[in-house]
Amino acid sequence: LLIDKFLKAQGFKPNKADHCFYSLIINDVEYVLLLLYVDDVIIAATSKELALRYVNIIGRRFRISYSGELRSYLNIGIEHDRLGKTVYLSQERYIEQMISDFEIPTDAAIRTPMQENLKLLAVEEENATAKQLHYAAKFQYRKLIGAIIYLNVCTRPAISYTISILAQFNVKPTFLACKALLRLAKYLFNTKSDRLALGGGSLTPQITSFCDSDWGGCVNTRYSRSGHVTFMGNGPVVWFSKRQTSMAQSSAEAEF
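Values in this document were obtained by computation on a predicted structure and should not be read as measured data.

Undergrad: Help me understand helix H3 (residues 92-101) in this model?
TA: Residues lying three or four places apart along an α-helix face the same way, a consequence of the helix completing one turn every 3.6 residues. For H3, the full list of buried residues reads Tyr94, Ile95, Met98 and Ile99. Seen along its axis, H3 keeps its buried residues to an arc of 135 degrees; they face one direction. Turned more than 90 degrees away from the buried face of H3, the exposed residues are Arg93 and Asp101. For H3, the secondary structure elements touched by its buried residues are helix H5 (141-154) and helix H7 (175-190).

Here it is as structure tokens:
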């Protein structure tokens, strides 16, 4: 790509894990970070003057519009607390638009992402009515869960378990799975102001990881499920909940 060659000529190096993320280390205390997504570019640097210098360098080669301090990116709201050295990420407007687009009625009583001890079978229950079967067949399941997965990936680690359970019903959603997905959407609306906090603490934050599993928790396969979250300082940066790839013969094996 043209811009890739240009950035490399300026000394930027692409990250091995994400080739759209570039870094330029000038000396021991100064550096520039650049994130490229289609025609959107984020530049961060150790000083505002340094960031503006590279905005101008890029602007001399490409036609750009500079929007100043980053407030929103890819449907993610961004707030800066410089005193606390913290950045807050939220998707309140995205959730409001999602609820409106899918015409989902709200319910203020829902305060958890999933009903406790809910067991969803891969096939519809025998006593499901024709009306329920028709509802599940017409429900925009994959479209809605895709919108919610984006929330989970970006700013909402707390729904990882629920979304990993419901994603198993993409091909043939059941009536109960549709109800559970609607409940999750209503929960997200009720907690739409929740923010993900990154930063804070020391300049060299400690990395802390937690993991856990159930044993044979999947009622359809008897496979166990693993959960994991990694914090950098006080903020979560990696999280997932997923079904294991083989059947554990004991709780110790599932944990391992």
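Still more ground to cover, so stick around.
Undergrad: For this particular structure, what's the right way to read the layout of surface pockets?
TA: Over the atoms a probe the size of a water molecule is rolled, and this reveals where empty space is left. As a volume, the second largest pocket reaches approximately 260 Å³. Lining the second largest pocket, in full, are Arg71, Ser72, Asn75, Ile76, Gly77, Ile78, Glu79, Ser90, Gln91, Glu92, Arg93 and Tyr94. The set of elements that each furnish at least two residues to the lining of the second largest pocket consists of strand S6 (76-81) and H3. It is S6 that provides the largest number of residues to the lining of the second largest pocket, a total of four residues. Residue composition of the lining of the second largest pocket, grouped by class: three nonpolar, five polar and four charged.

Undergrad: I'm lost on the pattern of salt bridges in this one. Help?
TA: When the charged atoms of two side chains lie near each other, side chains of opposite charge can form a pair. Enumeration according to the criterion identifies six salt bridges in this entry. Here Glu69 makes a salt bridge to Arg82, at a shortest N to O gap of 2.6 Å. Of this pair, Glu69 sits in the loop between helix H2 (48-61) and strand S5 (72-73) while Arg82 sits in the loop between S6 and strand S7 (86-90); the two residues are 13 residues apart in sequence, bridging distant segments of the chain. When its relative accessible area of 59% is taken as the criterion, Arg82 is described as exposed. Three or more residues joined by partner-sharing salt bridges are found here, namely Glu69, Arg71 and Arg82.

The rules behind the values
Residues numbered from 1 in each chain as written. Predicted model: local features only at pLDDT ≥ 70, side-chain atom pairs only at ≥ 80, totals over all residues. Heavy atoms only, no water. Buried < 20%, exposed > 50% of the residue type's maximum accessible area, 1.4 Å probe, protein only. Helix = DSSP H or I, 4+ residues; strand = E, 2+ residues; numbered from the N terminus. Arc of directions from axis to C-beta. Contact = heavy atoms within 4.5 Å. 1 Å grid on protein atoms, 1.4 Å probe; cavity = no way out; pocket = protein on both sides within 12 Å on 5 of 7 lines; lining within 4 Å. Points joined across faces, edges and corners; volume = space filled by probe spheres on them. Nonpolar A, V, L, I, M, F, W, Y, C, P; charged D, E, K, R; others polar. Salt bridge = Lys/Arg side-chain N within 4 Å of Asp/Glu carboxyl O.

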